[in-house]
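# Overview (structure and organization)
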Amino acid sequence: QVQLAESGGGLVQTGASLRLSCAASGRTFSNYAMGWFRQAPGKERELVASIARSSSTYYADSVKGRFTISRDNAKNMVYLQMNSLEPEDTAVYYCAARWWTSTSFNSWGQGTQVTVSS
């Protein structure tokens, strides 16, 4: 597992943008697929976006066209650019890592709060 730390959350208004960052420790960062999850009050944690070692990306339908996930392997960093934020995006956002041989994410950050006011 790698140690992950998110940052960049905050309180913004509808339509604003935020960029979340995830710093990863470890010497084999490039061997992990990375993802961003979120959990809103009363809801289960859901996958928002992921990026594979190949840089192939996945987005949940609810954020497609608004969010962009990217990675910088040289810096051990993963980012989530969030544009046109909506109140429905309010949640704790978690960075996660999945070892390339695994089918599930097995390393998690502590989470960062994103609140979008209407």
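Just above sits the structure.
Residues numbered from 1 in each chain as written. Predicted model: local features only at pLDDT ≥ 70, side-chain atom pairs only at ≥ 80, totals over all residues. Heavy atoms only, no water.

## Concerning the side chain of Asp89
Mapped onto the elements of the fold, Asp89 is located in the loop between strand E8 (77-82) and strand E9 (91-99). Separated by 2.9 Å, the side chains of Asp89 and Arg38 make a polar contact. Here Arg66 takes part through its side chain, which lies 2.8 Å from a polar atom of the side chain of Asp89. Leave out the neighbours within four places in its chain, and Asp89 touches Arg38, Val63, Arg66, Phe67, Ser84, Val114 and Val116. (Helix = DSSP H or I, 4+ residues; strand = E, 2+ residues; numbered from the N terminus. Polar contact = N/O pair within 3.5 Å; in protein donor to acceptor, adjacent residues only side chain to side chain. Contact = heavy atoms within 4.5 Å.)

## Some words on the state of the cysteines
The full count for this structure, using the stated rule, is one disulfide. Across the disulfide from Cys22 sits Cys95; the S-S distance is 2.1 Å. Across the disulfide from Cys22 to Cys95, rotation about the S-S bond amounts to roughly -80 degrees, and the bridge is consequently left-handed. Taken together, the residues span a long stretch of sequence, with Cys22 in strand E3 (residues 18-24) and Cys95 in strand E9 at a distance of 73 residues. As far as the burial class goes, Cys22 and Cys95 line up, both buried. (Disulfide = S-S within 2.5 Å. Buried < 20%, exposed > 50% of the residue type's maximum accessible area, 1.4 Å probe, protein only.)

## Points about the environment of Ser102
For Ser102, the location among the structural elements is in the loop between E9 and strand E10 (107-108). Each C-alpha atom of the pair Ser102 and Ala33 lies 9.6 Å from the other, and the pair is 69 residues apart in sequence. In this structure the side chain of Ser102 is engaged in a polar contact, spanning 3.0 Å, whose partner is the backbone oxygen of Ser104.

## Digging into the pattern of salt bridges
If you walk through the whole model with that rule in mind, you get four salt bridges. Residues Asp89 and Arg38 are paired through a salt bridge, measuring 2.9 Å at the closest nitrogen-oxygen approach. Residue Asp89 is found in the loop between E8 and E9, and its partner Arg38 is found in strand E4 (residues 32-39); the two are separated by 51 residues along the sequence. Asp89 gets classed as buried once you look at its relative accessible area, which sits at 1%. (Salt bridge = Lys/Arg side-chain N within 4 Å of Asp/Glu carboxyl O.)

## Observations concerning the side chain of Thr90
Here Thr90 is to be found in the loop between E8 and E9. From its side chain, Thr90 meets the backbone nitrogen of Val116 in a polar contact 2.9 Å long.

## Points about the nonpolar core
Core analysis: the biggest nonpolar cluster contains 30 residues, and Met34, Trp36, Leu80, Met82 and Tyr93 have the highest contact counts within it. Contributing elements (two or more residues each) for this core: E3, E4, strand E5 (46-51), strand E7 (67-72), E8, E9 and strand E11 (112-117). With near-sequence residues (within four places) excluded, Tyr93 lies in contact with Glu6, Leu20, Trp36, Phe37, Arg38, Val48, Phe67, Leu80, Met82, Gly111, Thr112 and Val114. (Core = buried A, V, L, I, M, F, W, Y, C linked by side-chain atoms within 4.5 Å.)

## Examining the packing of aromatic side chains
All chains considered together, the criterion is met by three aromatic pairs. Between Tyr32 and Trp99, the aromatic rings sit 4.9 Å apart at their centres with planes inclined by 70 degrees, giving edge-to-face as the arrangement. In this pair, Tyr32 is assigned in strand E4 and Trp99 in strand E9, connecting sequence segments 67 residues apart. Residue classification places Tyr32 among the buried residues on the basis of a relative accessible area of 5%. With a relative accessible area of 28%, Trp99 lands in the partly exposed category. Aromatic ring contacts, followed pair by pair, group Phe37, Phe105 and Trp108 into a single cluster. It is Arg71 that lies over the ring of Phe29; its NZ or CZ is 4.7 Å from the centre. (Phe/Tyr/Trp six-rings, centres within 6.5 Å; stacked < 30°, edge-to-face > 60°. Lys NZ or Arg CZ within 6 Å of the ring centre and 35° of its normal.)

Fair warning: the whole summary comes from geometry, so function is off the table for now.
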